[in-house]
Amino acid sequence: MDGVDPREENPHVTLLERESQLGSLLQYADEARARSGRLVLISGEAGVGKTSLVQELHERLTDATWAWGACDGLFTPRPLAPLHDIALEIGGSLLTTVRAAGSRDEIFDAVLQCASAIDGLAVLVVEDAHWADDATLDLLRFLARRVAKLPVLLLVTFRDDALAPNDPLRLALGELAGQRYTRRIDLPPLTSAGVRRLAEGTSYSPDELYELTGGNPFFVVEVLSDEGTEIPASARDAVLARAARLSDVARSALDLASLDSWRVDPDLVARAGGLPLATFDELLAAGLLKAEAGTLRFRHQLARRAIESEVPPHRRAAGHQAVLQALIDVRCDDDARMAYHAEAAGAPDLVRRYAPVAARRAADLGAHREAVAQYERALRFPPDDPAQLAELYGGYADALAYVDSWPQAAQAREQAIRIWHDLGDARREGHDHRKLCAVYWRLCRGPESVAETQKAIEVLEPLGDDPELAYAYSVRAFDIWPQDPDGAVSMLERSQEMAERVGDPVVLSDVLNYVAAGQFAQRRDWTRAMKEALRIALEAGAEAQAGRAYANIYTFYITQFRFAEGERFWRDGIAYCDERDITTYSTCMRGHRALALKDLGHWDEATALAERVLATEASPVNLLTSQTTLGLIRARRGEQGAFDVLDAAIEAAEGVDETEWVALTRLARAEARWLAGDDAGAREDLAAVRRRVTPLDYTEDAQLSVWEQRLLGEATPASPAPGPWATSLIGEHAAAAVHWERLGCEYDTALALYDSDCDDHLRDAISRFESLGADAAARRTRQRMKDLGHRAVPTGARASTRQHPLGLTRREDEVLLLLCEGLTNEEIADRLVLSSRTVDHHVSAVLAKLGVGSRGAAAAQARRRGLVPATT
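Now for a description of the structure that goes with this document. (Residues numbered from 1 in each chain as written. Predicted model: local features only at pLDDT ≥ 70, side-chain atom pairs only at ≥ 80, totals over all residues. Heavy atoms only, no water.)

**Some remarks on the sheet that holds strand β2 (residues 65-70)**
For clarity, the threshold we go by: By the convention used here, strands pair only if DSSP detects at least 2 bridges between them. The helix count covers DSSP runs of H or I at least four residues long, the strand count covers runs of E at least two residues long, and both are numbered beginning at the N terminus. Orientation is described by axes fitted as lines to C-alpha atoms, over the contacting stretch for helices, and by angles from 0 to 180 degrees between their N-to-C directions. We call two residues contacting when some pair of their heavy atoms lies within 4.5 Å.
Ordered by their spatial adjacency, five strands build an open sheet running β2-β3-β4-β1-β5, and the pairing between neighbours is parallel. The open sheet has two free edges, formed respectively by β2 and β5 (182-186), since each of these has just one partner strand. Averaged over all pairs of adjacent strands, the angle between their axes in this sheet comes to 15 degrees, without regard to strand direction. Strands β2 and β3 (122-127) of the sheet are contacted by helix α4 (residues 81-90), whose axis makes an angle of about 150 degrees with β2.

Pasting the structure below:
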């Protein structure tokens, strides 16, 4: 439908109600000519005219070099499907690289080099991105970050009316839209006035036509193109009505074409159906196909689907068989396309031939979801050779691991183990036992994960040095760490030595990751080993290992409250994982990012990010950080739903059976219970954590000890506490608050002040809690002041005064008012009796919530919105 242009039916009709959007595109084209490239996201419902808009731009920019590609929704596509179209049009080194099945990085670099080499403006079009494969989305992310200094206009059209919350495109859009050189154009339906203009001179009632079509240009044009006098019930009926007037030969050609792709290869379809090429003249004349860029295509995917849906079942398989044979005859190299037709034709031998190849190629290109789909197709037609079947299960499990889909990965890996065991292939069986331990861990099945690690070592040790054995040793080291730290260190050394002997950079990166984790647990410098793990992974092109290294570097930095040092690894790591659709580690990083934002007081942002993670399909262990973040913020704000997410998190953490996760979730629930007035319940959670911690769990032990002191009056730390926790434990609460403030942790600052008996400290705590919107914590502090006998306890703000049209807290509103008076941060700090650092955070939050970049702009917008008196 998007490809339907009313001017094709009536050359006197202009593109209606798109003047502003077209003007924007022309402006972006001028900016791109000046080597300030643009990525333009063009969205709208199906049939709203996205393609028509791009075609109009094409007519205006006749001096530009254009190349078009489209994503196909018919079958699981070959990775980078639109790039294959673009390469065919541009040719040269790009086509050579694509046809040579180069690596993903080689292909991406070739696109960039090709765009750089084009004289003048280059316009690259990717249509129907809602059907994009993972590798294509990664290509868009890649180009979005590099288009800035190129004379390139990259236009991406997509339907935005049916994207699920966890749709890969929706996630990609969030990242693309944040790029400096990305622009967004949303196409609305036509207004009633626009429909009236199109209906002029026809027998149709404009009002009835508008009501029927909702202003959708495709529906309008299809209805008006119908020769009948009765308005069809849907555009599908209009397409089928037009097809019904075809000759039998033309209808056969149309049906065959609909089974293959929205782009129509006349020679292929003619070969498949034994039809004369002249048949396509009738299809063009009927308006069911259109000529474009030297080939033919359906006007829109929905038009193709309408035709395909009418092909009778008994003719469908035969049609797929005919197309498949024609593809074989012309030596088609698109294994994904071949596998699709082979399955639809009921040709299992050919599915077995093409689907595994398509799956492996998709995995090589980082199109992991397409790899999953192709492996699933291959497994629907299992090979007779059990070793080949085990390979398929293993590849399927690997692909699932990338997209954070673990229940199916567990089943696939278990199947592979059974087959290798029956075949007597101990090495392959041992490899899959080692990999299954990671799958079980992701599913929060801790004891089973430990058992799989032991089984892998038992099977592989008699076979000598092996990469997976080295990896298993490093995993086992952490299994035994709480009971035998010296043995664990020895096993890590043994693991590293074996990894270096076998010379496998993939396993060496993984092992060094564990070595760094061991150093972290020992309070030693872990950064050198972890950065080396990252370097090795990046140089080897080991994407999963690089994603893991990025995730753990960021996790360790924020665990140590070294937020500034971790920021670079967050930025680079999330870009790396998103560009390659390494969902497991991008989800992991986002969960820890939410924790960091919580600690830094950016609660709205933390909540939004946590909710985004929880809305996706992710492994249970990857949800724990987001569940903890969301539960704590809800509890601190006094909102409903805190215990729903925290209880679920604790259940999963108990399944992992590791102190890190049990402590994270139970300490969070202890705080939530305390805030709700359930001190007894909070003490139960503290006791559960105390039973687990060892001197090696120094961060968890320190947090626990401070809470024990707060609720029990005394603490029993297992090891000396680091940082501000140590200061709190010796009763220097004001000093601890200063330490927390220097780290940028406003809530922890207030919590340290809460522990003081001093009236000024408690009042400061209340003020800080209220500035964060931590109403429940503020209430507890007021109660503490009353219990201590303080007079004139501050009252809480009324609910009506807490509501703000832009979501500013009471303290932020006060800061905004003083900004409007022209005060500096230091002057605001003096006026509100706050530290300059605290005011800096409030000013940054105000600017972010107002969506401005300067203090003057904030003041101007505040006055314009009536948030402050006009004379202020």
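**Considerations on the sheet that holds strand β8 (residues 295-298)**
Strand order in the open sheet made by the three strands is β6-β8-β7, with antiparallel pairing throughout. The open sheet has two free edges, formed respectively by β6 (263-264) and β7 (289-292), since each of these has just one partner strand. Pairing between β7 and β8: four bridges, direction antiparallel. Paired with Lys 290 across the strands is Arg 297, a residue of β8.

**Concerning the nonpolar core**
Selection rule: Only buried residues count toward a nonpolar core, which is a set of Ala, Val, Leu, Ile, Met, Phe, Trp, Tyr and Cys residues joined through side-chain atoms within 4.5 Å. Any residue under 20% of the maximum accessible area for its type is buried, any over 50% is exposed, and the rest in between are partly exposed; the area is computed with a 1.4 Å probe on protein chains only.
Counting residues in hydrophobic clusters, the biggest one holds 110 residues, and the most contacted among them are Leu 83, Leu 94 and Leu 254. Among residues more than four places away in sequence, those in contact with Leu 94 are Leu 83, Ile 86, Ala 87, Ile 107, Ala 110, Val 111 and Cys 114. Counting 106 residues, the second largest nonpolar core, distinct from the first, contains Tyr 550, Ala 663, Leu 711 and Ala 737.

**Brief notes about the pattern of salt bridges**
For the record, the criterion: Definition used for salt bridges: Asp or Glu carboxyl oxygen within 4 Å of a side-chain nitrogen of Lys or Arg.
Counted under the stated rule, the structure contains 61 salt bridges. The salt bridge involving Asp 479 is made with Arg 476; its shortest N-O contact spans 4.0 Å. Of the two residues, Asp 479 and Arg 476 both sit in helix α25 (residues 467-480), three residues apart, roughly one turn of that helix. Of the residues examined, Asp 479 reaches a relative accessible area of 21% and is grouped as partly exposed. We classify Arg 476 as buried; its relative accessible area is 18%. Across the pair Glu 708 and Arg 690 runs a salt bridge, and its minimum N-O distance is 2.8 Å. Highlighted residues: Glu 708 in helix α37 (residues 698-712) and Arg 690 in helix α36 (residues 679-690), separated in sequence by 18 residues. The pair Glu 708 / Arg 690 is uniform in exposure class, with both members buried.

**Structural notes on the packing of aromatic side chains**
Counted only if it meets this: Pairing of aromatic side chains here covers Phe, Tyr and the six-membered ring of Trp, requires ring centres within 6.5 Å, and sorts the geometry by plane angle: under 30 degrees stacked, over 60 edge-to-face, intermediate tilted. Think of it as a cone above the ring: NZ of Lys or CZ of Arg counts as a charge over the ring if it is within 6 Å of the ring centre and within 35 degrees of the ring normal.
This model, assessed by the stated rule, comprises 21 aromatic pairs. With a centroid separation of 4.4 Å and 20 degrees between ring planes, the pair formed by Phe 520 and Phe 556 is classed as stacked. With a gap of 36 residues between them, Phe 520 in helix α27 (residues 505-521) and Phe 556 in helix α29 (residues 543-559) connect regions that are remote in the sequence. Residues Tyr 557 and Phe 569 carry aromatic rings whose centres are separated by 5.9 Å and whose planes lie at 25 degrees to one another, so their mutual orientation is stacked. Residue Tyr 557 is found in helix α29, and its partner Phe 569 is found in helix α30 (residues 563-579); the two are separated by twelve residues along the sequence. Of the two residues, Tyr 557 and Phe 569, both sit in the buried class. Grouped by ring-pair contacts, the aromatic residues Phe 520, Trp 526, Phe 556, Tyr 557, Phe 569 and Tyr 698 constitute a single cluster. It is Arg 636 that lies over the ring of Tyr 747; its NZ or CZ is 3.7 Å from the centre.

**Regarding the environment of Glu 452**
The following threshold applies: Pairs of N or O atoms are called polar contacts if they sit within 3.5 Å, as long as, within protein, a hydrogen donor faces a hydrogen acceptor (for residues adjacent in sequence, only side-chain-to-side-chain pairs).
Within the secondary structure layout, Glu 452 lies in helix α24 (residues 446-460). Each C-alpha atom, one on Glu 452 and one on Ala 438, is 8.8 Å from the other, the two residues being 14 residues apart in sequence. Residues contacting Glu 452, with those up to four places away along its chain left out, are Ile 417, His 433, Leu 436, Cys 437 and Tyr 440. Of the polar contacts made by the side chain of Glu 452, one reaches the side chain of His 433; its length is 2.6 Å.

**What about unusual backbone geometry?**
The phi dihedral of Glu 17 falls on the positive side, at around 55 degrees, and the residue is not glycine. Mapped onto the fold, Glu 17 is located in the loop between α1 (6-9) and α2 (19-33). Looking at Glu 17, the relative accessible area reads 26%, which means it is partly exposed. If you check the backbone angles, Asp 128 has positive phi at about 55 degrees while not being a glycine.

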